[in-house]
Structures are given as structure tokens and as C-alpha cells.
Amino acid sequence: MNKAQSPLIDCVIPPGEPWIGIVRAGQVLRIVDLEGNQAVDTLFYNAVDGSEHYSAQDTICAQGNIYLTTGTVLRSNRSRPMLSIIADTCGRHDTLGGACSAESNTVRYALGKRSMHSCRDSFLLALSRDRSGLTKRDLPSNINFFMNVPVTPAGGLTFADGISAAGRYVDLEALMDVKVLISNCPQLNNPCNAFNPTPIRVVTRDNA
Ligand SMILES: [Zn+2]
């Protein structure tokens, strides 16, 4: 399918739900934090070869910065540019904190939190529905758009109050055809969602 035939996307993802879509090279993906301070756990895959995927390590090394914002080029595990952040009204996005999971809920909060919904489970559910053959071995470190995870001088991670707000967005220009995997985070136990998960919107456009 060439760019002219690619359907454009405009959908709202409810809190706690996963989503998968294809963004073609040259298209721009906008993710909108509709109500503010929502964590959007996201992974990108080469649309035709899922063994090539977003790499936090390659991205951080190439830009020499642990935070993602305008100007960041998201790189793959083959160090190839996948997408470029071309606009960002939030200002900072995390790629160190990882996706919440049953295991991390148990370790960070309480054994009784194990059965709560998590981004890792949402990722796996979406991949199983997608029938592309990608499995849990294909879940590398992800991006948490709109999530504020400052690193302390001692090198620790802090899950801090968000710096996003209603209507803030990030625009990503695809530099190759990419499969986008999103978990709109259901987390209720830390301030990344202001303890209140809310919907987000994903929109694509052709970059004129
Ligand atoms: Zn989560």
C-alpha cells in the first residue's frame, strides 16, 4: 500500500485499553493527552519486519540525552531512524521507567496489586489479537509519553507528578513504515496518571 492509499487514523483510546496501528513513512502520528497527565506506553516496530523495533538504548546513545522531546530521533535495535519527534507541547517523555506489569505492581506496591490491569498485559493482548507472530520476547524497553520520570543525582528513578496537561500533544514523523503498539496505561498506584487514567487520541496526517 502506498502513502496515497493509506487510511488516516483518528481514534480515541479509552484508559486501560491497548491499540495497534500502522503509520506509513512520511505520515505524522499525533498523540494527544486529552485530559492531562496520562501515561501512554508505546512501542514501535518495522511494519514489515517485527524483529526490528524501537530501542531505548540506541536512541539515548545517539542523542546523548535520556529524555525524549522535539528533535529526538527514535532509533531501532539496528540503529536506524524510525521516527522523529517534530513537535512536543509537553516537553519531556520517559523511556527509562518501563511498562507496568503484574510483577512490578507486586514489587512496588503490594502482593494484592498483582491482579490489577497492567501495560505489559495490554501489550500482550494487543499482540495476540494482531496475529503478527510477535510475542512477549518482542517487548523491549518502551516509551512512556507524557510521563515524568526524573533521574536523581544518585542515578535513581522517580515517578513524579506529571508535567503534561489537557490537550498537550506530541507529533512523530515516521521515517519508515511502522507498526505502533500503545497501552493507554491503567496504572492506579503512582502519580504517572494522576491516579486517574484518562483517554487519549491518536491522529495521523500526511506530512505536506
Ligand atoms: Zn502502565
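Residues numbered from 1 in each chain as written. Predicted model: local features only at pLDDT ≥ 70, side-chain atom pairs only at ≥ 80, totals over all residues. Heavy atoms only, no water.

(A) Examining the sheet that holds strand β7 (residues 81-88) more closely. The six strands are arranged β1-β11-β3-β9-β7-β6 in an open sheet whose pairing can be described as antiparallel. Edge strands, defined here as strands with exactly one partner in the open sheet, are β1 (10-13) and β6 (73-75). Direction aside, neighbouring strands of the sheet carry axes that sit 25° apart on average. As defined by bridge partners, β7 adjoins strand β9 (residues 168-174) across five bridges and the pair is classed as antiparallel. Residue pairing across strands places Ser84 opposite Glu173, the latter belonging to β9. (Pairing = 2+ DSSP bridges. Helix = DSSP H or I, 4+ residues; strand = E, 2+ residues; numbered from the N terminus. Axes fitted to C-alpha atoms, helices over the stretch in contact; angles between N-to-C directions.)

(B) Layout of the environment of Gly50. Here Gly50 is to be found in strand β5 (residues 49-53). According to the relative accessible area criterion, Gly50 is buried, its value standing at 19%. Each C-alpha atom, one on Gly50 and one on Ile85, is 21 Å from the other, the two residues being 35 residues apart in sequence. Excluding anything up to four places from it in sequence, Gly50 contacts Tyr45 and Leu134. (Buried < 20%, exposed > 50% of the residue type's maximum accessible area, 1.4 Å probe, protein only. Contact = heavy atoms within 4.5 Å.)

(C) Spotlight on the pattern of salt bridges. Applying the stated criterion across every chain yields a total of eight salt bridges. Measuring nitrogen to oxygen at the nearest pair gives 2.7 Å for the salt bridge that ties Arg30 to Asp171. Of the two residues, Arg30 is situated in strand β3 (residues 27-33) and Asp171 in strand β9; the sequence distance between them amounts to 141 residues. A relative accessible area of 24% places Arg30 in the partly exposed class. (Salt bridge = Lys/Arg side-chain N within 4 Å of Asp/Glu carboxyl O.)

(D) A look at the coordination of the zinc ion. The protein atoms donating to the zinc ion are Cys100 (SG), Cys119 (SG) and Cys185 (SG), with metal-donor distances spanning 2.2 to 2.3 Å. Going along the chain, you hit the donors of the zinc ion in the pattern C-x18-C-x65-C. With Cys100 in the loop between β7 and α2 (102-108) and Cys185 in the loop between β10 (178-184) and β11 (200-206), this pair connects stretches of sequence that are 85 residues apart. For the pair shown, Cys100 and Cys185 are each scored as buried. (Donors = N, O, S within 2.8 Å, 3.2 Å for Na, K, Ca; no water.)

(E) Layout of the pairing of β3. The buried fraction of β3 is high, at six of seven residues. Direction of pairing for β3 relative to β11: antiparallel, over a ladder of seven bridges. Each bridged residue has a counterpart across the sheet, and for Arg30 the counterpart in β11 is Val203. With six bridges joining them, β3 and β9 adopt antiparallel strand pairing. From the neighbouring strand, Ile31 faces β9, where its bridge partner is Val170.

(F) Region of interest: unusual backbone geometry. One non-glycine residue, Asn37, adopts positive backbone phi at about 55°. Looking at where Asn37 falls in the secondary structure, it is placed in the loop between β3 and β4 (40-46). Phi at Arg131 is positive, roughly 55°, even though this residue is not glycine. Looking at the element boundaries, Arg131 is found in the loop between α3 (119-130) and β8 (143-145). With a relative accessible area of 77%, Arg131 lands in the exposed category.

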